[in-house]
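Geometric and topological summary
Chain by chain, the residues:
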Protein chains: 2
Amino acid sequence: MEHPPTAEATESHYFINNPPPKSLKSNVTLAREFIDRHAEIGRRVVLVTSGGTTVPLETQTVRYIDNFSAGTRGATSAEYFLQEGYAVIFLHRQFSLLPYSRHYSHNTRSFLDFMKEENGRVVVDEQHQEEMLRVLRQYTEAKRENKLLILSFVTITEYLWELREVAKLMQPLGPKALFYLAAAVSDFFVPHDRMVEHKIQSSEEFSQTNGNNGNSSGKPPAARTEGRSLVIDLEPVPKFLKQLVDGWAPEGMIVSFKLETDPSMLVRKAQYSLEKYAHHLVIGNLLMTRKWEVVFVSTMEGEKWIRVPRNRRTKSISGIESWVGRAAGANADSAEPARAELSSPQGEPIVEIESLIIPEISEMHTKLIAQAQEDKTLQKS
Amino acid sequence: MEHPPTAEATESHYFINNPPPKSLKSNVTLAREFIDRHAEIGRRVVLVTSGGTTVPLETQTVRYIDNFSAGTRGATSAEYFLQEGYAVIFLHRQFSLLPYSRHYSHNTRSFLDFMKEENGRVVVDEQHQEEMLRVLRQYTEAKRENKLLILSFVTITEYLWELREVAKLMQPLGPKALFYLAAAVSDFFVPHDRMVEHKIQSSEEFSQTNGNNGNSSGKPPAARTEGRSLVIDLEPVPKFLKQLVDGWAPEGMIVSFKLETDPSMLVRKAQYSLEKYAHHLVIGNLLMTRKWEVVFVSTMEGEKWIRVPRNRRTKSISGIESWVGRAAGANADSAEPARAELSSPQGEPIVEIESLIIPEISEMHTKLIAQAQEDKTLQKS
């Protein structure tokens with residue numbers, strides 16, 4: 001009988017066959033220095049992953065599969081982690097939102113719309129001075145105290161290489177390491193040896209050349225034209241969360257995200273994930289309500305909904321506010337008293353849900369660190 | 001014998017089955033007003049398309065196929081068209097580069113890195129004042145003179161709807177309309193009636209539900225799990241360039257782009273495209289050298305290479321400079337004398353290739369407008 005390959009075999013197969021990004025070495029150097037500095041003074045360090053990973057269809061990439069994410073969750077969370085005193089490694093998709101500058105980018109307006117000429121100099125206009133000064137001060141402080149390290153990835157393979165190397169570097173932090181995996185990571189990919197070199201041709205007149213510029217492995221290319229269609233078959237990305245929990249970061253607290261679109265599946269899938277990987281916390285969220293509610297699923301606290309009060313919710317053109325509560329089943333009503341809306345004054349400032357999420361996680365992290373220290377003391381005595 | 005459907009039938013089938021974006025109506029209103037204003041004073045108007053179109057795999061989109069493009073070509077070209085006196089409709093992929101602000105976005109640095117606090121106010125730091133003032137002035141002028149209209153798309157269907165409607169609105173401009181199609185447009189797509197509603201499940205434990213949340217058309221979904229794999233089969237996007245040339249913009253000048261990765265295919269494919277669509281100009285470019293050389297293929301002027309002199313080339317981490325000339329075959333040497341490098345002084349300012357491309361196009365456009373007026377006079381007499 002043939003046994004499925006072990007997790008270790010799967011890992012080494014993946015990393016041998018999908019080569020590391022060129023920037024890995026310099027990123028590792030930066031990360032090591034950053035982590036060592038904060039480990040030395042006993043500061044907590046969080047690795048925040050953010051944005052979507054891509055799956056290129058060609059080596060010289062013209063087409064790729066992407067995962068929907070502007071990086072809002074990650075960039076916003078990074079700011080609140082800094083507020084909570086964490087040092088933050090922000091591993092994000094290139095050109096996705098960054099902490100602090102997110103307030104002024106990926107906007108329908110150009111940042112030049114915030115500027116004006118005054119006596120031959122460029123200054124921020126009056127209307128935006130106050131807000132930008134607040135943001136700039138926070139950003140400058142994070143930089144001055146060396147509390148924010150920004151790294152980037154594009155492809156799923158780049159992401160996995162960086163995640164693995166940084167996680168290993170974080171081992172000396174022990175339980176003070178936190179992993180906040182908000183990136184939208186591909187579940188399926190094209191292995192390096194099934195990638196064609198050149199752009200896949202669409203005109204039938206040219207498609208015969210596809211066979212010639214294929215890969216050298218002898219395996220069928222993952223993306224190919226069949227008649228007038230393009231057929232892509234993708235292989236599953238190995239479930240490296242298991243590896244992270246068991247091998248790369250055995251002592252750290254690990255928080256993963258589960259994004260769904262179907263309300264009826266959300267809690268079930270979050271619970272499934274928690275059982276499968278046995279890590280600390282799964283944060284479930286629906287595409288349509290993710291700015292207003294999330295569900296924490298953990299062994300420590302079971303199922304727990306976190307919601308922004310109705311009158312403090314940010315507007316979102318892509319969301320559907322009436323869906324809030326849909327995925328909660330019996331927990332919907334108790335979690336959000338109907339009277340809240342009536343009793344709260346209108347016009348109060350918007351609350352970002354990450355400002356509620358991060359302090360909760362920080363508290364759980366405190367408990368886990370205390371527990372780890374207790375365990376250590378017990379072992380010693 | 002069954003005849004292939006006519007171009008008109010293909011067009012109406014596509015636009016009936018793939019519904020318009022919500023923003024179409026308001027965009028059409030903006031575009032009509034913009035075009036009418038400039039048509040009235042006889043100004044040339046160019047539609048610049050820019051950035052990549054996406055092909056969503058689910059209606060509630062978590063995964064999609066994308067086309068590689070930061071929007072650099074389009075955003076840069078738009079600035080030079082404005083310099084040439086054109087009014088510019090900039091139809092771009094949401095969050096891709098914009099004219100003017102491109103100088104400060106999609107950078108490894110946050111724009112906040114250009115700012116500093118001075119007497120409790122946020123100002124641009126000294127080092128970046130001069131450059132930003134120049135850019136801000138150009139941007140402000142374009143806005144003040146209402147010469148720049150910014151519209152956006154995300155999906156291939158949104159792009160095609162906007163292209164068709166704006167092109168039709170531009171008909172009153174006659175030969176003074178120019179189409180500069182720099183967007184990276186999908187060749188393959190998932191028709192609306194083959195799209196699943198919800199996120200495709202990767203775990204085998206949940207994949208049985210995929211059948212239930214499928215589309216209602218009875219057609220097999222374009223993306224589906226088969227065992228542990230994800231299989232996507234995409235249909236070809238109808239070749240609407242034909243429609244644009246023949247029906248939507250019969251009098252305008254039309255410039256299309258051809259991006260290839262294989263040097264041996266570039267010129268051949270550009271020529272093929274020109275013959276097939278019978279429009280005015282195909283600009284061929286290679287992924288690896290696109291910032292330094294392009295080839296114009298047109299009936300008016302045949303094959304013509306445009307290159308930035310070696311010592312004026314911008315650095316590009318993604319490009320391979322030694323590939324310049326590879327796609328030109330016999331034309332490589334004559335187009336770029338080897339002595340140019342020796343005789344030119346070093347350290348001169350970088351030249352953006354779009355600063356060479358746009359004036360060339362503007363000149364061709366002048367000739368075409370003159371020719372159209374002659375034809376008209378001849379018809380009248």
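Structure report, in brief. A quick note: this is a predicted structure, and the numbers were derived from the prediction, not measured. (Residues numbered from 1 in each chain as written. Chains lettered and ligands numbered in written order. Predicted model: local features only at pLDDT ≥ 70, side-chain atom pairs only at ≥ 80, totals over all residues. Heavy atoms only, no water.)

Topic: the nonpolar core
- In terms of nonpolar packing, the biggest core is built from 104 residues, with Ile-89, Met-170 and Phe-179 of chain A together with Ile-89, Met-170 and Phe-179 of chain B touching the most fellow members.
- The contact partners of Phe-179 of chain A, leaving out residues within four places of it in the chain, are Leu-47, Ala-167, Met-170, Leu-244, Ala-249, Gly-252, Met-253, Ile-254 and Val-255 of chain A.
- Core analysis: the second largest hydrophobic core is formed by 92 residues, Leu-97 and Met-115 of chain A together with Phe-296 and Ile-357 of chain B among them. (Core = buried A, V, L, I, M, F, W, Y, C linked by side-chain atoms within 4.5 Å. Buried < 20%, exposed > 50% of the residue type's maximum accessible area, 1.4 Å probe, protein only. Contact = heavy atoms within 4.5 Å.)

Some thoughts on the interface of chain B and chain A
- Across the boundary between the two partners, chain B contributes 69 residues, which contact 69 residues of chain A.
- A combined buried area of about 7100 Å² lies between chain B and chain A, and 59% of that area is made up of carbon and sulfur atoms.
- Remark: the boundary between chain B and chain A carries twelve salt bridges.
- The salt bridge partner of Arg-121 of chain A is Glu-118 of chain B, with a shortest N-O separation of 3.5 Å.
- Joining chain B to chain A, the criterion identifies 34 residue pairs in polar contact (both at pLDDT 80 or more).
- When contributions to the side of chain B that touches chain A are tallied by element, the ones reaching two or more residues are strand E3 (63-67), strand E5 (115-118), strand E6 (121-124), helix H4 (126-144), helix H6 (204-207), strand E11 (229-236), strand E12 (253-260) and helix H8 (266-277) of chain B.
- A per-element tally of the side of chain B that touches chain A places H4 of chain B first, with nine residues.
- When its residues are assigned to classes, the side of chain B that touches chain A shows 32 nonpolar, 17 polar and 20 charged. (Buried area = accessible area lost by both parts, 1.4 Å probe. Salt bridge = Lys/Arg side-chain N within 4 Å of Asp/Glu carboxyl O. Polar contact = N/O pair within 3.5 Å; in protein donor to acceptor, adjacent residues only side chain to side chain. Helix = DSSP H or I, 4+ residues; strand = E, 2+ residues; numbered from the N terminus. Nonpolar A, V, L, I, M, F, W, Y, C, P; charged D, E, K, R; others polar.)

Observations concerning the relation of the copies chain B and chain A
- Screw-axis analysis of chain B against chain A gives a translation of 0.0 Å along the axis, an RMSD of 0.0 Å, and a rotation angle of 180°. As the rotation angle and translation indicate, the two copies are arranged about a two-fold axis.
- Comparing contact sets, 100% of the residues at the interface of chain B also lie at the interface in chain A, consistent with an isologous, same-surface contact. (Least-squares fit on C-alpha atoms with pLDDT ≥ 70 in both.)

Some words on the packing of helix H3 (residues 72-83) of chain B against helix H11 (residues 354-380) of chain B
Residue and element names in this part refer to chain B.
- Close contact between H3 and H11 brings their axes to 9 Å; oriented N to C, the two are set at 55°. Taken together, the axes of H3 and H11 are oblique relative to one another. Crossing geometry of H3 relative to H11 is assigned as right-handed. Contact residues: H3 offers Arg-73, Thr-76, Ser-77, Tyr-80 and Phe-81, while H11 offers Glu-354, Ser-355, Ile-357, Ile-358 and Ile-361.
- Considered class by class, the residues forming the contact of H3 with H11 number five nonpolar, three polar and two charged. (Axes fitted to C-alpha atoms, helices over the stretch in contact; angles between N-to-C directions. Parallel < 35°, antiparallel > 145°, perpendicular 65-115°, else oblique. Left-handed = near helix turned anticlockwise from the far one by under 90°.)

Some thoughts on the packing of helix H1 (residues 7-17) of chain A against helix H7 (residues 240-248) of chain A
All names here are of chain A.
- Relative orientation of the contacting elements H1 and H7 amounts to 110°, with a least axis distance of 11 Å. As summarised for this structure, H1 and H7 are arranged roughly perpendicular, according to the angle between their axes. Along this stretch, H1 crosses H7, giving a crossing that reads as left-handed. Contact with H1, carried on its side by Ala-7, Glu-8, Glu-11, Tyr-14 and Phe-15, involves Phe-240, Gln-243 and Trp-248 of H7 and no other residues of that element.
- Here the contact of H1 with H7 is built from residues that sort into five nonpolar, one polar and two charged.

Observations concerning the sheet that holds strand E2 (residues 55-56) of chain B
- The four strands lie next to each other as E2(A)-E3(A)-E3(B)-E2(B), forming an open sheet whose pairing is antiparallel. With one partner strand each, in any of the chains shown, strand E2 (55-56) of chain A together with E2 of chain B form the two edges of the open sheet.
- In this sheet, strand E3 (residues 63-67) of chain A lies alongside E2 of chain A in antiparallel orientation, the contact comprising two bridges. Within E3 of chain A, the residue paired with Pro-56 of chain A across the bridge is Tyr-64 of chain A. (Pairing = 2+ DSSP bridges.)

Re the sheet that holds strand E4 (residues 87-93) of chain A
Residue and element names in this part refer to chain A.
- In spatial order, the strands read E7-E4-E1-E8-E12-E13-E14-E15; together these eight strands make up an open sheet with mixed pairing. Taken across any chain shown, the strands that pair with only one partner, and hence form the sheet edges, are strand E7 (148-153) and strand E15 (302-307). The average angle at which neighbouring strand axes cross in this sheet is 20°, direction not considered.
- Pairing between strand E1 (residues 45-50) and E4: six bridges, direction parallel.

Some remarks on the environment of Leu-97 of chain A
Residues and elements named next belong to chain A.
- Within the secondary structure, Leu-97 is located in the loop between E4 and strand E5 (115-118).
- Judged by relative accessible area, Leu-97 falls into the buried class, the value being 7%.
- Counting along the chain gives 21 residues from Leu-97 to Thr-76, while the straight-line C-alpha distance between them is 8.8 Å.

Nothing here speaks to function; it is all geometry.
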